[in-house]
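Topology and contacts: notes
Residue-level listing of the chains:
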Amino acid sequence: MPLPRYGEAALADLLPSVLAALGVNGEVDVLGLPPARRYCVLLVDALGWNLLRAHPAQAPFLASLAGRAITVGTPTTTATSLTSLGTGLPPGKHGIVGYTSRVPGGDGIFNALKWDPPLDPSTYQPYPSLFDRAARSGVATTVIGQSSFRDTGLTRAAMGGPFRAANSYGQRVAAAVEGSSGAAPSLVYVYDGDLDYTGHQHGWRSPAWRYQLAMVDRFAEQLYDELPAGTVFVVTADHGMVDVDPDRRVDVDDVPALRDGVALVAGEARFRHVYTVSPDAAADVRDAWRSVLADRAEVLTRAEAVAASWFGAVESRVTERIGDVVANVHGDCAVERRSVFPVETRLRGLHGALSEDELMVPLLVGEA
């Protein structure tokens, strides 16, 4: 099983490397990016490295860029990855350990994408963003995303920086060009989420996904063509995706052994955080989940997962956000709970686990 390459070739290393390439003191370019005065980073949600390489005909522009694979963190999901990108930290430090996790000090579920319940972002994730660090060093920064993302808890926790709403490809290109055209060194970040939506609904092997990839490729090419000369253009992603076999879905609601000793199930269908009724129950719950899931998942206690560096270095304030037991799902399986997460049961493409298709994302670099 591949593991995140924190500090060597992970998504959390991207913006520190960009800032170093922009000449910001104190930053280290571990990814070996070219020095420049302008950088534009495009993140395409769910554009896994293996998925992209499997479709060169649909993405000729992206295939033409120099590139290699890097990893995201654990779990392979948007909220965790975007916070690693924006802070330069592994999940064990920034503390957003999944799509859902237990509310700190409570018995409910915190949804990091919806930021519900509305916890204080600066308390839940106290580290400054790299965009804020860049701005303090004289770099003009712009964060470009959908208008619905403005001032959300996740945006505040992960990104900071001046936010520009852009709901269409044309708006994103225009905002990126404007953000890259000033006299000061600049860092522009552009997010696009339509490929992820399409993959969830239809699967990444579907015609709909291939058509959407072709649209993303044309968008990326136009963005690249319009950037000012000398701008370094970087394309990456927050995770990949797998298509789940409908016959290989396990529902916790249907298996009493998966509920014994369990107070709360969170995470997502490819990576479950399992919170036990007491710390002493963790080993028994781990063993029960191992017995039921067998080769369909790797099941560890929290201590075992931390020791295996799944989350990177884990701070004490973050420890209890991780499940007492965690289940990393293998192959084309999913571990669902329809009574709590009914939408997951209707999705064809999923992510969250540590397979190559989910963990590895592209690092594509071109100079405009």
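Residues numbered from 1 in each chain as written. Predicted model: local features only at pLDDT ≥ 70, side-chain atom pairs only at ≥ 80, totals over all residues. Heavy atoms only, no water.

1. Some words on the side chain of Asp196
Residue placement: Asp196 occurs in helix H10 (residues 194-202). No salt bridge is formed by the buried Asp196, whose closest oppositely charged neighbour, Arg270, lies at an N-O distance of 12 Å. The residues contacting Asp196, other than those within four sequence positions of it, are Asp45, Ala46, His239, Met241 and His351. (Helix = DSSP H or I, 4+ residues; strand = E, 2+ residues; numbered from the N terminus. Buried < 20%, exposed > 50% of the residue type's maximum accessible area, 1.4 Å probe, protein only. Lys, Arg positive; Asp, Glu negative; His and termini not counted. Salt bridge = Lys/Arg side-chain N within 4 Å of Asp/Glu carboxyl O. Contact = heavy atoms within 4.5 Å.)

2. Quick notes on the pattern of salt bridges
In a structure, side chains of opposite charge can pair up when their charged atoms sit close to one another. For the coordinates displayed, the defined rule picks out 17 salt bridges. Glu8 serves as the salt-bridge partner of Arg5, at 3.5 Å between the closest nitrogen and oxygen. In this structure Arg5 comes out as partly exposed when scored by relative accessible area, which is 40%. Across the pair Arg302 and Asp324 runs a salt bridge, and its minimum N-O distance is 3.2 Å. Taken together, the residues Arg302 in helix H13 (residues 302-307) and Asp324 in the loop between helix H14 (316-319) and strand E14 (325-329) connect sequence positions 22 residues apart. For the pair Arg302 and Asp324, a shared accessibility class is recorded, and that class is buried. Among the charged side chains, a network of salt bridges with common partners joins Arg286, Asp287, Arg290 and Glu304.

3. So, the domain arrangement of the protein
You can read the domains of the protein as domain 1 (11-104 + 115-241 + 354-367) and domain 2 (249-350). Relative to domain 2, the C-alpha centre of domain 1 lies at a distance of 28 Å. Residue-level contacts link 28 residues of domain 1 with 28 residues of domain 2. For the pair domain 1 and domain 2, the summed buried area comes to about 2,300 Å², and 51% of that belongs to carbon and sulfur atoms. Together, Gly92, Arg102 and His200 form the three largest contributors to the area buried by domain 1 at its contact with domain 2, with a combined 27%. A salt bridge links Lys93 to Glu315; the nearest nitrogen and oxygen atoms lie 3.0 Å apart. Where domain 1 touches domain 2, the interface holds 21 residue pairs in polar contact (both at pLDDT 80 or more). Contributions of two or more residues to the side of domain 1 that touches domain 2 are made by helix H5 (91-94), strand E3 (100-102) and H10. (Domains from an automatic or database assignment. Buried area = accessible area lost by both parts, 1.4 Å probe. Polar contact = N/O pair within 3.5 Å; in protein donor to acceptor, adjacent residues only side chain to side chain.)

4. Section: the packing of aromatic side chains
Evaluation of the coordinates by the stated rule reveals eleven aromatic pairs. Centre to centre, the rings of Tyr169 and Phe219 are 4.5 Å apart; their planes meet at 10°, and the pair counts as stacked. On the criterion of sequence distance, the pair formed by Tyr169 in helix H9 (residues 169-179) and Phe219 in helix H11 (residues 207-226) is long-range, its members being 50 residues apart. One exposure class covers both Tyr169 and Phe219, and it is buried. Taken together through their ring pairs, the aromatic side chains of Phe61, Tyr224 and Phe233 make up a single cluster. Its guanidinium or amino end placed over the ring of Tyr124, Arg321 lies 3.7 Å from that ring's centre, counting from NZ or CZ. (Phe/Tyr/Trp six-rings, centres within 6.5 Å; stacked < 30°, edge-to-face > 60°. Lys NZ or Arg CZ within 6 Å of the ring centre and 35° of its normal.)

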